[in-house]
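Given next are the chains, with one letter for each unit.
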Amino acid sequence: MGEFENMLHSDFMEPQFYIMFYTVVFLFGICIGSFLNVVILRLPKHESIISHKSPSHCMTCGERIRKRDLIPVFSWLFLRGKCHSCGEKISPRYPIVESLNGLLYVLTFWVLDLNAESIITCVMMSLLIVIAFMDWDTMEIDLIIVALLFLLAVPSAFFTDEVSVKDRIIGALIISVPFFIIGEISRIFIRKKTGEDFRAIELGDTILMIAAGALLGTQAVIVSALVGVIAAAVGGLINKYATGNSKFAFGPFLAIGIAVGALWGNNIADWYVGLLTAPLQQ
């Protein structure tokens with residue numbers, strides 16, 4: 001990938017190249033996003049995500065979806081968000097997931113350029129989308145998807161040298177250990193107060209941060225956790241106001257934090273450290 005270093009940030013590239021490149025990236029991303037919808041819907045139900053025996057079908061009438069209606073994003077727009085057979089509304093979440101994946105791919109290449117890190121990060125973004133939406137639906141984080149996220153640390157360590165193995169190990173522990181302790185302590189207090197057996201921070205969230213830390217390293221995972229906690233605080237207040245329920249999935253907000261950490265985590269950490277040390281250097 002060395003020959004492509006700074007390719008997308010080069011002053012010698014014509015505008016037509018960028019339009020073509022990012023269009024192709026977006027279209028590829030929404031196609032992958034279409035598959036992510038299948039995973040998000042079927043994995044919690046323990047249904048096959050690749051078997052031809054379980055073709056895509058309308059969730060209302062059960063009619064098999066035509067091939068021309070499976071074009072990511074565009075088919076939903078052409079059908080005006082309705083099933084071609086029964087006319088029942090199709091959730092806008094399908095094109096949202098597809099578009100989100102495509103946009104995150106474009107953003108990743110725009111920020112990180114064309115290299116091994118950006119390709120690995122795109123895979124990470126797709127896994128984070130699955131984790132976030134499945135946790136939102138089920139209040140559980142699928143450990144198979146988290147394991148895939150953790151395994152990305154292997155090619156990341158092999159193809160990139162920005163994060164050392166030592167830094168990855170520290171990153172895997174620096175957030176997950178406090179999360180685990182907070183979860184255990186909160187479990188005791190919640191059980192005494194309500195009689196219910198659950199944690200303020202569930203084990204799935206803790207394991208997710210182990211994977212994120214191993215993939216991103218210490219600085220970026222700290223930024224990820226801070227962004228995730230802030231996003232969760234805001235989201236929790238909105239959820240409490242809208243529904244009156246204080247329980248909500250933490251995973252989607254951690255996923256947002258991890259995405260931010262992957263793209264800008266080290267820069268944010270360096271900026272903050274520089275801000276703290278600036279008075280000492282004067």
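Just so it is clear, the model here is predicted, and its values are computed rather than measured.

Participant: I'd like a description of the environment of Phe180, backed by residues and values.
Facilitator: By the element assignment, Phe180 lies in helix α8 (residues 176-194). Accessibility expressed as a relative area gives 37% for Phe180, which makes it partly exposed. Each residue touching Phe180, except ones within four places of it in the same chain, is listed here: Arg199, Leu203 and Thr206.

Participant: Which residues make up the nonpolar core, and what values do they have?
Facilitator: Counting 45 residues, the largest nonpolar core has Met124, Leu149, Leu208, Met209 and Ile258 as the members making the most contacts within it. For this core, the elements supplying multiple residues, two or more each, are α1 (15-42), α3 (93-112), α4 (116-138), α5 (143-151), α9 (203-216), α10 (218-243) and α11 (251-281). Looking at which element gives the most residues to this core, the answer is α4, with 11 residues. Those residues within four positions of Ile258 in sequence are excluded, and the remaining contacts are Met124, Leu128, Leu208, Met209, Ala212, Leu216 and Ser224. In this structure, Leu8, Phe17, Leu114 and Cys122 belong to the second largest nonpolar core, which totals 11 residues.

Participant: A description of the packing of aromatic side chains should follow, citing residues and the corresponding values.
Facilitator: What the rule picks out here adds up to 8 aromatic pairs. Ring centres 5.3 Å apart and planes at 80° place the aromatic pair Phe21 and Tyr22 in the edge-to-face group. As far as the burial class goes, Phe21 and Tyr22 line up, both buried. When the ring of Phe179 is compared with that of Phe250, the centres are 6.0 Å apart and the planes differ by 35°; the resulting orientation is tilted. Here Phe179, found in helix α8, pairs with Phe250, found in the loop between α10 and α11; they are 71 residues apart in sequence, far enough to count as distant. Comparing Phe179 with Phe250, the two get one shared label, buried.

Participant: Can you break down the side chain of Ser176 residue by residue, with the values?
Facilitator: The residue Ser176 is located in helix α8 in this model. A relative accessible area of 4% means that Ser176 is categorised as buried. Among the polar contacts listed, one links the side chain of Ser176 to the backbone oxygen of Ala172, at a separation of 2.5 Å. When near neighbours in sequence (up to four residues on either side) are disregarded, Ser176 contacts Thr206, Met209 and Ile210.

Here is what the cut-offs are and how they apply
Residues numbered from 1 in each chain as written. Predicted model: local features only at pLDDT ≥ 70, side-chain atom pairs only at ≥ 80, totals over all residues. Heavy atoms only, no water. Helix = DSSP H or I, 4+ residues; strand = E, 2+ residues; numbered from the N terminus. Buried < 20%, exposed > 50% of the residue type's maximum accessible area, 1.4 Å probe, protein only. Contact = heavy atoms within 4.5 Å. Core = buried A, V, L, I, M, F, W, Y, C linked by side-chain atoms within 4.5 Å. Phe/Tyr/Trp six-rings, centres within 6.5 Å; stacked < 30°, edge-to-face > 60°. Polar contact = N/O pair within 3.5 Å; in protein donor to acceptor, adjacent residues only side chain to side chain.

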